[in-house]
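The lines below spell out each chain.
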Amino acid sequence: MRNIVLFGPPGAGKGTQSALLVDHFDFVHLSTGDIFRANIKGETELGQLAKSFLDKGQLVPDDVTIRMLEDAVNAHANGNGFIFDGFPRTTAQAEALDAFLSEKGQSIHGMLALEVPEDELRIRLAKRAETSGRVDDADPTVIQKRIDVYNAETAPVADHYKEQGKYSGIEGLGSIEDIFGRLKSAIEGLG
Ligand code: AMP
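First, a word on scope: everything that follows refers to the structure included in this document.

Procedures and definitions
- Residues numbered from 1 in each chain as written.
- Predicted model: local features only at pLDDT ≥ 70, side-chain atom pairs only at ≥ 80, totals over all residues.
- Heavy atoms only, no water.
- Near = heavy atom within 4 Å.
- Polar contact = N/O pair within 3.5 Å; in protein donor to acceptor, adjacent residues only side chain to side chain.
- Areas by Shrake-Rupley, 256 points an atom, 1.4 Å probe, with all protein chains shown as cover.
- 1 Å grid on protein atoms, 1.4 Å probe; cavity = no way out; pocket = protein on both sides within 12 Å on 5 of 7 lines; lining within 4 Å.
- Sits in = over half its atoms within 2 Å of the grid points.
- Helix = DSSP H or I, 4+ residues; strand = E, 2+ residues; numbered from the N terminus.
- Nonpolar A, V, L, I, M, F, W, Y, C, P; charged D, E, K, R; others polar.
- Salt bridge = Lys/Arg side-chain N within 4 Å of Asp/Glu carboxyl O.
- Buried < 20%, exposed > 50% of the residue type's maximum accessible area, 1.4 Å probe, protein only.
- Pairing = 2+ DSSP bridges.
- Axes fitted to C-alpha atoms, helices over the stretch in contact; angles between N-to-C directions.
- Contact = heavy atoms within 4.5 Å.

What about the site of the ligand?
Line of reasoning, step 1. The ligand sits among 16 residues. The nearest are Thr-32, Arg-37, Gln-58, Gly-86 and Gln-93.
Line of reasoning, step 2. For the ligand, a nitrogen atom lies 2.9 Å from a polar atom in the backbone of Gly-86.
Line of reasoning, step 3. Within the side chain of Arg-134, a nitrogen or oxygen atom sits 3.1 Å from an oxygen atom of the ligand.
Line of reasoning, step 4. Burial of the ligand by the protein amounts to 96% of the accessible area it has alone, namely 480 Å².
Line of reasoning, step 5. Judged by the proximity of its atoms to the pocket grid, the ligand belongs to the largest pocket.
Line of reasoning, step 6. Broken down by element, the shell around the ligand gets its largest block of residues, 4 residues, from helix 2 (residues 32-41).
Line of reasoning, step 7. In terms of residue class, the shell around the ligand is built from 6 nonpolar, 6 polar and 4 charged.

Observations regarding the pattern of salt bridges
Line of reasoning, step 1. Going through the model one piece at a time under the given rule, you end up with 11 salt bridges.
Line of reasoning, step 2. Residues Asp-136 and Arg-146 are paired through a salt bridge, measuring 3.6 Å at the closest nitrogen-oxygen approach. Within this pair, whereas Asp-136 is found in helix 7 (residues 135-138), its partner Arg-146 is found in helix 8 (residues 140-154), the two being separated by 10 residues in sequence.
Line of reasoning, step 3. A relative accessible area of 10% places Arg-146 in the buried class.
Line of reasoning, step 4. Salt bridges here are not isolated pairs; linked through shared partners, they connect Arg-128, Arg-134, Asp-136, Asp-137 and Arg-146.

With respect to the sheet that holds strand 2 (residues 28-31)
Line of reasoning, step 1. On the basis of which strands lie adjacent, the open sheet formed by 5 strands has the order 2-3-1-4-5 and parallel pairing. Every interior strand has two partners, whereas the edge strands, strand 2 and strand 5 (167-171), have only one. Sheet twist, expressed as the mean angle between neighbouring strand axes with direction ignored, is 20 degrees.
Line of reasoning, step 2. Taken together, the 4 bridges between strand 1 (residues 4-7) and strand 4 (residues 110-115) define a ladder with parallel strand orientation. Note on strand 4: the bridge partner recorded for Val-5 is Met-111.
Line of reasoning, step 3. Along the sheet, helix 2 contacts strand 2 and strand 3 (82-85); its crossing angle with strand 2, the most-contacted strand, is approximately 65 degrees.

Spelled out as structure tokens, the structure:
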């Protein structure tokens, strides 16, 4: 069993690669962005709270996000491990995840960080807007806000895993298959 954090800026390909990794390794995929969007669509209380943050490209507050993630972990059998996509996005979330998994006798085995230059992210997100139906992909100001939030609040999360010797940078440019091949080898290398 391996628990993986798939890391990277918005538009790095985390969702696309998660789907392939789930097929190959039979992970349980937990995307906090997907869970928020499902709650917004279902007009739940959580969705109402989260909507304004997603629409503006801001992070949903840590306490809400951490509780939601823990509920999602508890709701799934974790046979082959979890792939965390879009979480943790702050150092506080990373610390909370470590503590929560440790209570269950578990841990994160590795963070795989997709590395993609900012110009390419903007191109990919604008393209994704044509099909995703995501409000936060459609507005260049919101795209820039998400990239800025990533640089200021999320990028430091890599240090948390570097300090634990669990960080692997993965080239996020090239074909989907090539990038998948790099991720697959990195996961197999985790033992
Ligand atoms: P994503 O689908 O990962 O791009 O996330 C879309 C949006 O959901 C983000 O811009 C945030 O508003 C919110 N979100 C997703 N994951 C988190 C998280 N771990 N912490 C706070 N907000 C999040």
